[in-house]
Number of protein chains: 2
Amino acid sequence: MAKAMQYSEQEGGAIRQRNEKAIMAAAERVFARHGYRGASLQEIAEQAGLPKSNVLYYMGSKRKLYVRLLERMMARWNAMLDDISAEDDPAEVLSAFIRSKMQMSRRHPEGSRLFASEILGGAPFLQEYLRGELREWVQSRAAVFREWADRGLMDPVDPVWLIFLIWSSTQHYADFEAQVLGITGREALGDDDLEEITRFLTRVVLKGCGVRHPEPVT
Amino acid sequence: MAKAMQYSEQEGGAIRQRNEKAIMAAAERVFARHGYRGASLQEIAEQAGLPKSNVLYYMGSKRKLYVRLLERMMARWNAMLDDISAEDDPAEVLSAFIRSKMQMSRRHPEGSRLFASEILGGAPFLQEYLRGELREWVQSRAAVFREWADRGLMDPVDPVWLIFLIWSSTQHYADFEAQVLGITGREALGDDDLEEITRFLTRVVLKGCGVRHPEPVT
DNA sequence: TCAATTCTTGACCATGTGGTCAGCTTTGGC
DNA sequence: GCCAAAGCTGACCACATGGTCAAGAATTGA
């Protein structure tokens, strides 16, 4: 069995692929909206257009489904976190950082909210990731930021707070979308809005940290 | 009955006051952690040290309890949102804004997370507040910011995005506390940490918007 | 064609849910 | 001391939950 289907865990049959995709998409929405406990397999199954038993057939359990969603999101996250070095241009790096984080909120709002919900609940499934991989990533970036500050390329601000500032202000447009829409009176945020916000954030953060930006911005 | 206890809705007896306080505190924690659906009256009752029936005796229903918590949080919020005018000093107003928002994250982390959870879930109970009161508050502030920009007291940045920037970056330290602690390796954020972050945010935001701050900051 | 595998799903189960209620005890003003 | 109001709570209800399972349907490769 394992031999005949040795690649099943990587791609699986066409049917499996299609159904798992539908389940994952539906589950991401429902978990994001109601949290781990508040989400029900019944609702996920309905949104995926399948009977509940079928969801369990593919995913095994609610917990496994949830963990798989988190892992997919962390993989997206990791794909975004490319490496930098002290030789790079601070303005370019920070701009790219803000822009890619903003695109993550744009392209995967449900995933962003799922992540937020997990953290809000005390990160029971992500403790390890936060204290391990992500922490090291932050500290390596922080070291580079400090070197830039030493060279006078930017103000000597605390790099960790700076990273949190960028994360929070970009994540906001996914997590607090309901608030943003309610207050601005919009029905949805368009690409042009996101572009405008990206420029605003880039401008304020770069200027706020004493970095000169690479190209003139409004 | 109504006559004998005419003040009951405002303060109630000593017993009622004590028990309601315990229930509200426990409920705020549980709702914040698990969301509206994910929270259970059983768990709330246990954390309040009362039988479940007693919680329902005081609060009527899960929904009423939740709404009451949200209203309390909105009242705190409103108490913080004092008025400003175009004659005020931009640096002072923005500094105070950041500081008070930060203190809200500090003093009422569970309330902040409850609010975040509600918004994350699409703000089913707060639509009205967002599209009404809060929206007007934002727009009145925005008008003042614009006038400051016209007078050259700050850069002509979009005031609404600026308000969201301040909200998100301060709210972050309540909502994403688990992430902040995991990454920084701390057990908890102390008053000194919060003071440092407040100064960092004030510095970056004021400088980023071209406002001169009222007092020298590290 | 045919058998092995994968897929599908309704019935079912133990447990937990929000909520009701009746009957009890305690409290507080007179 | 009295008694009405307030407080208390275990038993109970209908329903939803995550999960199991067996039996059949569809698909697949040789």
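Cut-offs and rules
- Residues numbered from 1 in each chain as written.
- Chains lettered and ligands numbered in written order.
- Predicted model: local features only at pLDDT ≥ 70, side-chain atom pairs only at ≥ 80, totals over all residues.
- Helix = DSSP H or I, 4+ residues; strand = E, 2+ residues; numbered from the N terminus.
- Buried ≥ 20, exposed ≤ 12 C-beta atoms within 10 Å, placed from the backbone.
- Contact = placed C-beta atoms within 7 Å.
- Nonpolar A, V, L, I, M, F, W, Y, C, P; charged D, E, K, R; others polar.
- Domains from an automatic or database assignment.
- Near = placed C-beta within 6 Å.
- Core = buried A, V, L, I, M, F, W, Y, C linked by C-beta atoms within 7 Å.
- Least-squares fit on C-alpha atoms with pLDDT ≥ 70 in both.
- Axes fitted to C-alpha atoms, helices over the stretch in contact; angles between N-to-C directions.
- Parallel < 35°, antiparallel > 145°, perpendicular 65-115°, else oblique.
- Left-handed = near helix turned anticlockwise from the far one by under 90°.
- UniProt positions renumbered as here; feature names shortened; annotations may be inferred.
- pLDDT = per-residue confidence, 0-100.

Topic: the overall build of chain A
Along chain A, the regular secondary structure elements total ten helices and zero strands. If you list the helices and strands of chain A from N to C, you get α-α-α-α-α-α-α-α-α-α. Counting only C-alpha atoms and orienting by the principal axes, one finds that chain A spans roughly 60 × 45 × 30 Å. A buried classification covers 37% of the 218 residues belonging to chain A.

Points about the interface of chain B and chain A
At the interface, 46 residues of chain B touch 46 residues of chain A. Elements that contribute at least two residues to the side of chain B that touches chain A include exactly α1 (14–38), α6 (109–120), α7 (127–150), α8 (159–175), α9 (177–184) and α10 (191–208) of chain B. In terms of residue count, α8 of chain B provides more of the side of chain B that touches chain A than any other element does, eight residues in total. For the side of chain B that touches chain A, a count of residues per class yields 23 nonpolar, 15 polar and eight charged.

Some thoughts on the domain arrangement of chain A
All names here are of chain A. Domain boundaries in chain A define domain 1 (14–60) and domain 2 (69–208). Summarising the inter-unit geometry, the C-alpha centres of domain 1 and domain 2 are found 28 Å apart. Of the residues lining the interface, eight residues belong to domain 1; the matching set on domain 2 comes to seven residues. Here the side of domain 1 that touches domain 2 is composed, by residue class, of five nonpolar, one polar and two charged.

Thoughts on unusual backbone geometry
Located in the positive-phi region is Ala123 of chain A, a residue other than glycine, with phi close to 55°. Looking at the secondary structure, you find Ala123 of chain A in the loop between α6 (109–120) and α7 (127–150).

A few points about the environment of Met102 of chain B
Residues and elements named next belong to chain B. Tracing the backbone shows Met102 in helix α5 (residues 90–107). For Met102, a count of 22 C-beta atoms within 10 Å gives the class buried. Once the C-alpha coordinates of Met102 and Val55 are considered, the two residues, 47 residues apart in sequence, prove to be 32 Å apart. Look past the residues within four positions of Met102 in its chain and what remains in contact with it is Thr170, Leu194 and Thr198.

Remarks on the protein's contact with DNA strand D
In the vicinity of DNA strand D, 25 residues are found, and the nearest of them are Ser40, Ser61 and Lys62 of chain A together with Arg16 and Ser53 of chain B. For the surface near DNA strand D, the secondary-structure elements that each account for two or more residues are α2 (41–48), α3 (52–59) and α4 (62–80) of chain A together with α1 and α3 (52–59) of chain B. In terms of residue class, the surface near DNA strand D is built from eleven nonpolar, eleven polar and three charged.

So, the nonpolar core
Counting residues in each nonpolar core, the largest one holds 101 residues, and the members touching the most others are Ile44 and Val205 of chain A together with Ile44 and Val205 of chain B. In contact with Ile44 of chain A, other than residues within four places in its own chain, are Ile23, Ala26, Ala27, Val30, Ala39 and Val55 of chain A.

Notes on the protein's contact with DNA strand C
Every one of the 24 residues lining DNA strand C counts as a neighbour, but Arg16 and Ser53 of chain A together with Ser40, Leu41 and Lys62 of chain B are closest to it. Those elements that place two or more of their residues in the surface near DNA strand C are α1 (14–38) and α3 of chain A together with α2 (41–48), α3 and α4 (62–80) of chain B. Classifying every residue of the surface near DNA strand C gives eleven nonpolar, ten polar and three charged.

Observations regarding the relation of the copies chain B and chain A
A rotation about an axis combined with a shift along that same axis relates the two copies of the chain. When chain B is fitted to chain A, the best match, at an RMSD of 0.1 Å, comes from turning it 180° and sliding it 0.0 Å along the axis. Taken together, these values place the two copies in the relation of a two-fold axis. Taken as a fraction of all interface residues of chain B, those also at the interface in chain A reach 100%, which identifies the copy contact as same-surface.

Looking at the packing of helix α9 (residues 177–184) of chain A against α7 of chain B
Put simply, α9 of chain A and α7 of chain B touch, their axes get as near as 8 Å, and they point 60° apart. Taken together, the axes of α9 of chain A and α7 of chain B lie oblique to each other. Relative to α7 of chain B, the crossing made by α9 of chain A is right-handed. Across the interface between the two elements, Gln179, Gly182 and Ile183 of chain A from α9 of chain A touch Gln127, Leu130, Arg131, Leu134, Arg135 and Val138 of chain B from α7 of chain B. Its residues assigned to classes, the contact of α9 of chain A with α7 of chain B comprises four nonpolar, three polar and two charged.

Considering α9 of chain B
Taken together, the buried positions of α9 of chain B are Glu177, Gln179, Val180, Gly182 and Ile183 of chain B. On its buried side, α9 of chain B packs onto α6, α7 and α8 (159–175) of chain A together with α6 and α8 of chain B. Positioned one or two residues after α9 of chain B, Gly185 of chain B has a phi angle of 75°, which is positive.

Topic: the UniProt feature "domain: HTH tetR-type" (unreviewed entry) in chain A
Per the UniProt record, "domain: HTH tetR-type" (unreviewed entry) is annotated on residues 17–77 of chain A. Along residues 17–77 of chain A, the helical share is 89% and the strand share 0%, with 22 Å between the first and last C-alpha atoms.

Side note on the confidence of the model for chain A
Averaged over chain A, the pLDDT score is 92; the fraction of residues at 70 or greater is 92%. Scored below 50 in pLDDT, residues 1–9 of chain A makes zero contacts in the model with residues more than four places away or belonging to other chains.

Some details on the environment of Pro51 of chain B
In this structure, Pro51 of chain B sits in the loop between α2 and α3. C-alpha separation for the pair Pro51 of chain B and Ile84 of chain B, spaced 33 residues apart in sequence, amounts to 47 Å.

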